[in-house]
Amino acid sequence: EAVHKIRKYFELIVGMFIIALAFNLFINPLKVAVGGTNGLAIIINEVFGINTTLFIKIFYFASLLLNLIVFGVDETKKVLLGSIVYPLLVGLLDNVTSYIVLDYSNKLLMYLVSAVLLGVGNGLVYKNGYLTGGTDVIKKIINEKMKIPMGTAVFIFDGVVVLLGGIIFGLESVLYAIIILYISSKITDRVILGISKEKMFYIMTQKPDEVRSCIIKELASGVTELDAVGGYTDNKNHILMCVIPTKDYLKLERKVTEIDKDAFFLITDSYHMYHGKVKYGVN
């Protein structure tokens with residue numbers, strides 16, 4: 001338990017460090033409003049001349065107080081660490097461009113690298129159940145108090161920031177911001193879920209015994225049989241469920257089709273397997 005907590009906090013701090021690094025090394029020098037507090041900081045700096053690091057510190061403190069007023073002490077504890085550590089890390093890395101000198105002429109490469117860093121950093125934070133604070137608090141208020149789905153709240157808020165950035169910095173800024181947000185969100189998902197190394201098959205066939213035998217003997221995989229009723233025909237069927245390594249994906253697909261060309265199967269990614277209290281990691 002102690003080791004788990006240490007790892008959890010370590011990943012959280014590393015994640016926030018990576019986000020702060022991406023902001024100071026790429027996002028801020030390139031002046032692209034990618035949404036969130038970082039995007040707001042860049043816009044405020046351009047319009048009012050307020051230092052981005054100073055704005056982030058003030059905004060995070062204000063959002064922490066807002067979270068305390070709206071949600072109370074218990075909910076505020078969830079954003080307390082992020083609201084303190086992230087602004088400190090942004091300040092710590094404020095002069096990172098003095099030590100790491102980059103050629104910003106290849107903007108696309110810079111944006112792609114920043115997207116990867118943001119995705120990894122956010123993934124490490126979110127997978128441990130934390131928020132970094134800042135605009136996350138406002139999005140949470142929109143979600144819970146206005147009864148708007150979180151995905152919609154994020155889209156609305158970040159969308160407004162990106163559009164404001166476009167008005168100030170031009171259309172190119174909007175396009176790059178969209179690229180960064182899209183790529184970083186995909187990488188965030190991969191960090192949270194992991195990389196799937198196995199596939200789960202749901203197979204509906206008129207030859208369940210032959211398919212079951214093939215899976216057990218040729219792929220050395222277990223099979224679970226589920227009862228199912230057709231929603232349109234009310235016909236009773238059996239569904240075979242199995243999890244196999246991704247490398248055997250095409251082999252099983254081919255074998256099932258050879259046994260029953262009319263077989264119906266659904267294939268999904270499998271990230272973790274649980275058996276009682278034991279988790280079998282597949283990542």
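Structure shown above.
## Examining the nonpolar core
Counting 42 residues, the largest nonpolar core has Met16, Phe23, Ile27, Val32, Ile56, Tyr86 and Ile180 as the members making the most contacts within it. Of all the secondary structure elements, the ones that give two or more residues to this core are helix H1 (2-30), helix H2 (36-48), helix H3 (52-71), helix H4 (73-92), helix H6 (107-126), helix H8 (150-169) and helix H9 (171-193). Tyrosine 86 has contacts with Met16, Ile19, Ala20, Phe23, Asn38, Ile56 and Tyr60, leaving out every residue within four places of it along the chain. Counting residues in each nonpolar core, the second largest holds 13 residues, with Phe201, Cys214, Leu252 and Ile259 among its members.

## What about H1?
Three or four residues apart is the spacing at which side chains of an α-helix point the same way, because the helix has 3.6 residues per turn. Taking 1.5 Å per residue as the helical rise, H1 with its 29 residues ought to reach 42 Å, and the 41 Å between its terminal C-alpha atoms agrees with that figure. In the segment just after H1, lysine 31 is the residue with positive phi, at about 55 degrees.

## Considerations on the packing of aromatic side chains
The tally for this structure, following the rule as stated, stands at five aromatic pairs. Taking 6.2 Å as the distance between ring centres and 35 degrees as the angle between the ring planes, the aromatic pair formed by phenylalanine 201 and phenylalanine 265 counts as tilted. With phenylalanine 201 in strand S1 (residues 198-204) and phenylalanine 265 in strand S4 (residues 264-270), the pair connects residues that are 64 residues apart, well separated along the chain. Phenylalanine 201 gets classed as buried once you look at its relative accessible area, which sits at 0%. Judged by its relative accessible area of 22%, phenylalanine 265 is partly exposed. Of the aromatic side chains, those joined through ring pairs into one cluster are Phe201, Tyr249 and Phe265. Against the face of phenylalanine 71 rests lysine 140, its NZ or CZ located 4.6 Å from the ring centre.

Criteria and thresholds
Residues numbered from 1 in each chain as written. Predicted model: local features only at pLDDT ≥ 70, side-chain atom pairs only at ≥ 80, totals over all residues. Heavy atoms only, no water. Core = buried A, V, L, I, M, F, W, Y, C linked by side-chain atoms within 4.5 Å. Buried < 20%, exposed > 50% of the residue type's maximum accessible area, 1.4 Å probe, protein only. Helix = DSSP H or I, 4+ residues; strand = E, 2+ residues; numbered from the N terminus. Contact = heavy atoms within 4.5 Å. Expected span 1.5 Å × (residues − 1). Phe/Tyr/Trp six-rings, centres within 6.5 Å; stacked < 30°, edge-to-face > 60°. Lys NZ or Arg CZ within 6 Å of the ring centre and 35° of its normal.

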